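What follows is each chain in one-letter form.
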Amino acid sequence: MDLDRFKFVNDFYGHLEGDLVLQRVGHILEANCRRSDVVARYGGDEFVILMPETSMEQARQLASKLRSWVCADNLLREKNVSASFGIACYPLHGSSPQELIQVADASMYLSKHQGGNAVSTADHFDPGEAKKWKKDVLEAYLGVTLKRLFATGPDAFEEIYQRLKQFTESLLRRKPETG
């Protein structure tokens with residue numbers, strides 16, 4: 001999960017207010033996840049939720065509820081902060097934590113590219129949809145990169161470049177697809 005428009009909060013209201021937003025989001029996630037789930041801040045304005053023994057559909061339902069609760073929170077709504085979610089499921093989308101995070105991250109970028117405040121899943125397990133999913137992810141990375149370049153300057157490019165590089169390398173490590 002990545003917060004939408006969080007940079008604006010830090011820039012306009014200051015980092016102390018940004019910290020309050022992060023604390024509020026962490027509280028919403030912790031309060032609404034199961035005791036067996038692990039909620040962690042992954043860096044900056046990103047959070048990861050590990051949900052053991054959860055199906056893809058259950059994860060999608062919880063992410064949709066969490067997205068709604070973030071939107072409904074008065075402080076977050078006042079700051080125009082929403083959340084973009086990306087979902088990956090073991091072993092369907094990867095066998096290592098790194099692979100799962102890369103797929104979830106790519107899916108989250110699809111959510112951001114759609115305007116944010118959305119939940120996206122990695123549906124590339126369907127061989128007929130694999131090429132379309134990869135094309136959509138690449139388009140999302142590039143779209144988000146261009147928006148960030150206009151908003152923050154060239155510093156954002158290096159971060160996105162590294163994400164693209166990791167995503168490309170993960171695709172090359174996968175078995176070739178038929179079709």
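Each value, and the rule that gives it
- All residue numbers refer to positions counted from 1 along the written sequence of the respective chain.
- The predicted nature of this model means local features are confined to residues of pLDDT at least 70 and side-chain atom pairs, given and counted, to a pLDDT of 80 or more, with totals for whole chains, interfaces and linings taken over all residues.
- Note that water and hydrogens are dropped before the side-chain values are worked out from all heavy atoms of the structure.
- Any two strands are treated as partners once DSSP identifies two or more bridges connecting them.
- Numbered from the N terminus, helices here are DSSP runs of H or I no shorter than four residues, and strands are runs of E no shorter than two.
- By definition here, a salt bridge exists when the distance from a side-chain nitrogen of Lys or Arg to a carboxyl oxygen of Asp or Glu is within 4 Å.
- Every axis corresponds to a line fitted to the C-alpha atoms, with the helix fit spanning only the stretch in contact, and the corresponding angles, defined between N-to-C directions, vary from 0 to 180 degrees.
- Roughly parallel here means an angle under 35 degrees, roughly antiparallel means over 145, roughly perpendicular means 65 to 115, and every remaining angle is called oblique.
- Left-handed describes a crossing whose near helix is turned anticlockwise from the far helix by less than a right angle; the clockwise case is right-handed.
- Any two residues whose heavy atoms approach within 4.5 Å are treated as being in contact.
- Residues were grouped as follows: Ala, Val, Leu, Ile, Met, Phe, Trp, Tyr, Cys and Pro as nonpolar; Asp, Glu, Lys and Arg as charged; and all remaining residues, including Gly, as polar.

Chemist: Report on the pairing of strand β3 (residues 46-50), specifying residues and quantitative values.
Modeler: For a regular strand, side chains alternate in direction, first toward one face of the sheet and then toward the other. Across five bridges, the pairing between strand β2 (residues 38-43) and β3 is antiparallel. Paired with Arg41 across the two strands is Phe47, which belongs to β3. With antiparallel pairing between neighbouring strands as the criterion, β2 and β3 make up a hairpin whose turn holds two residues, including Gly44 at a positive phi of roughly 55°.

Chemist: Let's hear about the pattern of salt bridges: which residues, and what values?
Modeler: Evaluated as defined, the whole model comprises eight salt bridges. As a salt-bridge pair, Lys79 and Glu17 come within 3.3 Å of each other at their nearest N and O atoms. Placement of Lys79 in the loop between α4 (74-78) and β4 (82-87) and of Glu17 in helix α2 (residues 15-32) is noted, with a sequence separation of 62 residues between them.

Chemist: For the packing of α2 against helix α3 (residues 56-72), give the residues involved together with the corresponding values.
Modeler: Contact geometry of α2 with α3 gives a least axis separation of 10 Å together with a crossing angle of 140°. Taken as axis vectors, α2 and α3 run oblique relative to one another. Seen along the crossing, α2 lies across α3 with a hand that is right-handed. For the pair α2 and α3, contact is made by Ile28, Leu29 and Asn32 and by Leu62, Leu66, Trp69 and Val70, respectively. Classifying every residue of the contact of α2 with α3 by side-chain character gives six nonpolar, one polar and no charged.

The values reported here are purely geometric and, on their own, carry no functional implication.
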